[in-house]
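Given next are the chains, with one letter for each unit.
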Amino acid sequence: MADLPLNRQFDPQYGKMIEVTPLVRRVVAPNESAFTFKGTGTYVIGRGNVAVIDPGPLDHGHVQAILDGLEGETITHILITHTHNDHSPAAAPLKEKTGAPTYGFGPHGMGAGAGVAEGARMDEGGDMAFTPDHVIKDGDVIEGDGWTAECVFTPGHTSNHMCFGLREEKALFTGDHVMGWSTAVIAPPDGDMAQYMASLRKLLERDDEVYYPTHGAPVTKPHSLVRGYITHRKAREAQILNRLQAGDRTITDMVPVMYAETDKRLHPAAARSVFAHIKQMAEEGRVHTNGVPAINGEYWLD
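Residues numbered from 1 in each chain as written. Predicted model: local features only at pLDDT ≥ 70, side-chain atom pairs only at ≥ 80, totals over all residues. Heavy atoms only, no water.

S.K.: Which parts of the structure should I look at to understand the sheet that holds strand β12 (residues 210-213)?
M.R.: As a general point, the strands of a sheet are linked pairwise by backbone hydrogen bonds and lie either parallel or antiparallel. In spatial order, the strands read β8-β9-β10-β11-β12; together these 5 strands make up an open sheet with mixed pairing. Edge positions in the sheet fall to β8 (141-143) and β12, since each has one partner strand and no second. If you compare each strand with its neighbour and ignore which way they point, the axes differ by 25° on average. Summarising the sheet, β8 and strand β9 (residues 148-153) pair through 3 bridges and their orientation is antiparallel. When the sheet's bridge partners are listed, E143 is paired in β9 with T148. (Pairing = 2+ DSSP bridges. Helix = DSSP H or I, 4+ residues; strand = E, 2+ residues; numbered from the N terminus. Axes fitted to C-alpha atoms, helices over the stretch in contact; angles between N-to-C directions.)

This is the structure we're talking about:
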């Protein structure tokens, strides 16, 4: 990923509410992993009457850290970028303790469409218990006490992924759509590479000055990173074409070569990402397979 301007410098300060700007605060859950980086960053916008974005995993210590950090204040909104298990499960205990309603695009797999939604809902990383109190769509505006959040629908990482734009600061809370420390995992059936690329291009049309991903540090040059993401994904497509030209027929053949410098423990996730690319390429007629594209299928060029 040398083509990407990534930033892996980040001090999580677990359990402590950190002021990022006068209108934005953050507390990080201690769920560090290869996929969550240093942990889930739960953001708070506003003062007094506030919104919480992505309460995080079902970790009661983290929920208590949110409540302790907001002692004397009132949570009026709980905003969910998407329903992976490191983002939305803590919404339930936080709502139980505060009465604050939840806002999101819908349950896990909601945006996947007929024929794939059932498979998406079976995703082992999905929070199947979450259903928002308020269903939101692209362009909706959520208003609070001194803050305004614009809903920016960005499917791709998941079919129900929503970013939130803080208009007062030209800031965008990007969930897992854009992260400064790594690329996002796109894993069908709920993940969709064509949607993801369209959602990246959508962000280039906006004038956000900073991104706040749920994992890692703020992104201070957002358009540069998004363009890097697009270039990186195009390079992955070129790698797939090169492997097919070299005679590889399966994703299992491709991954060890394409990800030779990546920890082998991450190769299963890499395989899902390659599948997302090759599925899009097959649907566009650029590569060929028998029947419906599958992660264990065979692929070839003309």
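Now that the structure is up, let's keep going.
S.K.: Looking at this model, I keep getting lost on the nonpolar core. Mind explaining?
M.R.: Note that soluble globular proteins tend to have their nonpolar side chains buried in a common cluster. Core analysis: the biggest nonpolar cluster contains 25 residues, and V178, Y196, L200, L203, Y211, V226 and Y229 have the highest contact counts within it. At the level of elements, α4 (193-204) and α5 (222-245) are the ones that each hand at least two residues to this core. Ignoring sequence-local partners within four residues, the contact set of Y196 consists of P155, G156, H157, H177, A184, I186, Y229 and R233. Ranked by size, the runner-up nonpolar core spans 22 residues in total, among them L23, Y43, I45 and F105. (Core = buried A, V, L, I, M, F, W, Y, C linked by side-chain atoms within 4.5 Å. Buried < 20%, exposed > 50% of the residue type's maximum accessible area, 1.4 Å probe, protein only. Contact = heavy atoms within 4.5 Å.)

S.K.: I'm lost on helix α7 (residues 267-283) in this one. Help?
M.R.: Under the 1.5 Å per step criterion, the end-to-end length of α7 is 24 Å for 17 residues, consistent within 8% with the ideal 24 Å. Most of α7 sits inside the fold, with 13 of its 17 residues counted as buried. The positive-phi residue at the C-terminal boundary of α7 is G285, with phi of around 80°. (Expected span 1.5 Å × (residues − 1).)

S.K.: I would appreciate a short explanation of the pattern of salt bridges in the present structure.
M.R.: Any two side chains of opposite charge can pair, on the condition that their charged atoms come close. On inspection of all chains with the given rule, the structure shows 16 salt bridges. A salt bridge links E237 to R286, with the nearest nitrogen and oxygen atoms 3.0 Å apart. Of this pair, E237 sits in helix α5 while R286 sits in the loop between α7 and β13 (288-289), and the two are 49 residues apart along the sequence. E283 is the partner of K279 in a salt bridge, and the nearest nitrogen-oxygen pair spans 2.8 Å. Here E283 and K279 lie together in helix α7, a separation of 4 residues that amounts to about one turn. Via salt bridges that share partners, E150, R167, R206 and D208 belong to a single interconnected network. (Salt bridge = Lys/Arg side-chain N within 4 Å of Asp/Glu carboxyl O.)

S.K.: Teacher, can you tell me more about the sheet that holds strand β2 (residues 24-28) here?
M.R.: If you walk across this open sheet you meet the 7 strands as β1-β2-β3-β4-β5-β6-β7, and the pairing is mixed. Either end of the sheet is taken by a strand with one partner, and the two such strands are β1 (18-21) and β7 (134-135). Summarising the sheet, β2 and strand β3 (residues 41-45) pair through 5 bridges and their orientation is antiparallel. The residue bridging V24 from the neighbouring strand is I45, located in β3. Along the sheet, helix α1 (residues 60-69) makes contact with β2, β3, β4 (49-53) and β5 (74-79), crossing β2 at roughly 150°.

S.K.: Before we go on, may I ask you to explain the side chain of E237 in this structure?
M.R.: On the accessibility criterion, E237 (7% relative accessible area) is buried. A polar atom in the side chain of E237 sits 3.0 Å from the side chain of R286. When neighbours within four sequence positions are excluded, E237 is seen to be in contact with H277, Q280, M281 and R286. (Polar contact = N/O pair within 3.5 Å; in protein donor to acceptor, adjacent residues only side chain to side chain.)

S.K.: Please clarify how the pairing of β12 should be interpreted in this entry.
M.R.: Consecutive side chains of a regular strand alternate in pointing toward one face of the sheet and then the other. Residues V210 and Y212 line one face of β12 and the alternating positions Y211 and P213 line the opposite face, and both faces are buried. Direction of pairing for strand β11 (residues 171-175) relative to β12: parallel, over a ladder of 4 bridges. Residue pairing in the sheet places G175 in a bridge with P213 of β12. Where the polypeptide runs from β11 across α4 and back to β12, its parallel neighbour, the crossover connection is right-handed. (Right-handed = clockwise from strand over helix to strand, strands pointing away.)

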